Amino acid sequence: MKVDGKDYRTVWMEGSSVFLIEQNLLPFDFRIYEAKNYLETCRAIKTMKVRGAGAVGEAAGFAMAQAFLEALENTFGEYIEKAKKDIEATRPTAQNLFYTVSRVFAAAKKSTEPGKTAVVEAQKIADEDVEACKRIGEYGNELIRDGFNIETHCNAGWLAFVDYGTALSPIYLAHRSGKKVFVYVDETRPRNQGAKLTAWELKNEGVPYVILPDNAGAYLMFQGKIDIMIVGADRIARNGDVANKIGTFEKAIVAKEFGVPFYVAAPSSTFDLNCNSGRDIPIEERDEDEVLYQTGLTGEGNLEKILVCSPGSKAINPVFDITPAKYISGIITEKGIIEPWAIKV
Ligand code: MRU
């Protein structure tokens, strides 16, 4: 995708460093962060400098490659085993993280040039993701009619998946093919990935949009303002249950109530056939400060974190929820649109 006319991927590797768009600063500041070793990349994933299932997966794959490059001959085995554990401990829900780490690890371990092989494999996965997201866009575009109003939750755009994105990919293709589309962007508390990141992406692409408070979705659907809802996924279980950003489940229930088609967009690398149902998917809990404080731009143009809740309050912060398959109209994959109860990868 282009930022100020220049092509970017969300995360990439050059030499032994991983470079990523610093998402915590967006939309106020556009900066590239360089992680010089696998531990720095782990920290970037944990602190959400890079976030979104696919981008987290890519960063994790590159981190695994960094570890293979860093490992010294006499402690090689221990070093890469520890690195794998460290990387997998950064964020527990996004299936793409486990998918890329295990692929890079397996390819490099059996190679005579492990460092080189690890980098090649991680890069190959990133390229496959780009192609898969493009195809998701093509299949999803078939669901979008001229004049459609589309609601989306969180950020499932190119910031969340190296390029194109998942839920936003069909929207970009529809817009580029000349269809008139309008996007309702859920703000997505507590971290506001919708209000900050999706809004920034759509503005860059020239797609008309408006941000809505998270609790306004039912009212809009009641008014008949939403034609289709498309969201991404962090992990999809064998029975079609979907883990995605907290609040997705509520949207799906409301969509069903008002007969609004509810689609999930995700490549096959997000499916976890080892999870029989959504109940088997680990759900990440993050620090309560993400709920209690908000970060934004002051009138003087400084980025500031301020308390927005009653001082001394405690908060809970489960960051994903599970949408049962029965609420999902279809899953848009790179292989076509499938019914959630007909999964075989
Ligand atoms: O906590 P985040 O910002 O990493 O969560 C991101 C989401 O939940 C996205 O909707 C999801 O990754 C799907 S897009 C790849």
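Position labels on residues start from 1 in each chain and follow its written sequence. Residues qualify for local features only when their pLDDT is at least 70, as the model is predicted, and side-chain atom pairs are given and counted only at 80 or more; totals for whole chains, interfaces and linings, by contrast, use all residues. Computation of side-chain values: all heavy atoms of the structure, hydrogens and water removed.

1. Comments concerning the sheet that holds strand β11 (residues 242–245)
Taken in spatial order, the four strands make up an open sheet running β13-β10-β11-β16, and their pairing is mixed. The open sheet has two free edges, formed respectively by β13 (271–272) and β16 (320–323), since each of these has just one partner strand. Two strands make a pair as long as DSSP finds a minimum of two bridges between them. Counting from the N terminus, the helices are the DSSP runs of H or I reaching at least four residues and the strands are the DSSP runs of E reaching at least two. Note that strand β10 (residues 235–237) and β11 share two bridges and pair antiparallel. Note on β11: the bridge partner recorded for R235 is A243.

2. So, the packing of aromatic side chains
Aromatic contacts are taken between Phe, Tyr and Trp rings whose centres are within 6.5 Å, Trp giving its six-membered ring; a plane angle under 30 degrees counts as stacked, one over 60 as edge-to-face, and the others as tilted. As enumerated under the stated definition, the model contains 12 aromatic pairs in all. Here Y38 and Y79 contribute two aromatic rings whose centre-to-centre distance is 5.8 Å and whose plane-to-plane angle is 85°, an arrangement assigned as edge-to-face. Of this pair, Y38 sits in helix α1 (residues 38–46) while Y79 is found in helix α3 (residues 76–88), placing the two residues 41 residues apart along the sequence. Taking 6.3 Å as the distance between ring centres and 40° as the angle between the ring planes, the aromatic pair formed by W158 and W200 counts as tilted. In this pair, W158 is assigned in the loop between β6 (149–152) and α6 (168–176) and W200 in helix α7 (residues 193–205), connecting sequence segments 42 residues apart. Taken together, the aromatic side chains of Y8, W12, F19, F30, W158 and W200 make up a single cluster linked through ring pairs.

3. Some words on α7
Because each turn of an α-helix spans 3.6 residues, side chains separated by three or four positions end up pointing in the same direction. With 13 residues, α7 ought to run about 18 Å at 1.5 Å a step, and its terminal C-alpha atoms sit 17 Å apart, in line with that. For every residue, the accessible area obtained with a 1.4 Å probe (protein chains only) is divided by the maximum for its type, and the residue is called buried under 20%, exposed over 50%, and partly exposed between those limits. With 10 of 13 residues buried, α7 is to be regarded as a mostly interior element. Listed as buried for α7 are Q193, G194, K196, L197, T198, A199, W200, E201, L202 and E205. Among the residues trailing α7, G206 stands out with phi positive, at a value near 75°. Multiplying 1.5 Å by the helix residue count minus one yields the expected span of that helix.

4. Some remarks on the domain arrangement of the protein chain
One frequently used descriptor of interface size is the decrease in accessible area upon assembly of the parts. In terms of domains, the protein chain is made up of domain 1 (2–133) and domain 2 (143–342). Domain start and stop points were drawn from an automatic or database domain assignment. Computed from C-alpha coordinates alone, the two centres of domain 1 and domain 2 are separated by 24 Å. Contacts between the two partners involve 34 residues from domain 1 and, on the opposite side, 38 residues from domain 2. Here the quantity called buried area is the total loss of accessible area, with a 1.4 Å probe, experienced by two parts when brought into contact, counted for both. Interface area, domain 1 with domain 2, both sides summed: about 3100 Å², of which 61% is carbon and sulfur. Each reported salt bridge corresponds to a side-chain nitrogen of Lys or Arg within 4 Å of a carboxyl oxygen of Asp or Glu. The interface formed by domain 1 and domain 2 contains one salt bridge. In this structure, the salt-bridge partner of E284 is R91, at a minimum N-O distance of 2.9 Å. Whether two residues touch is decided by their heavy atoms; if any such pair falls within 4.5 Å, the residues are in contact.

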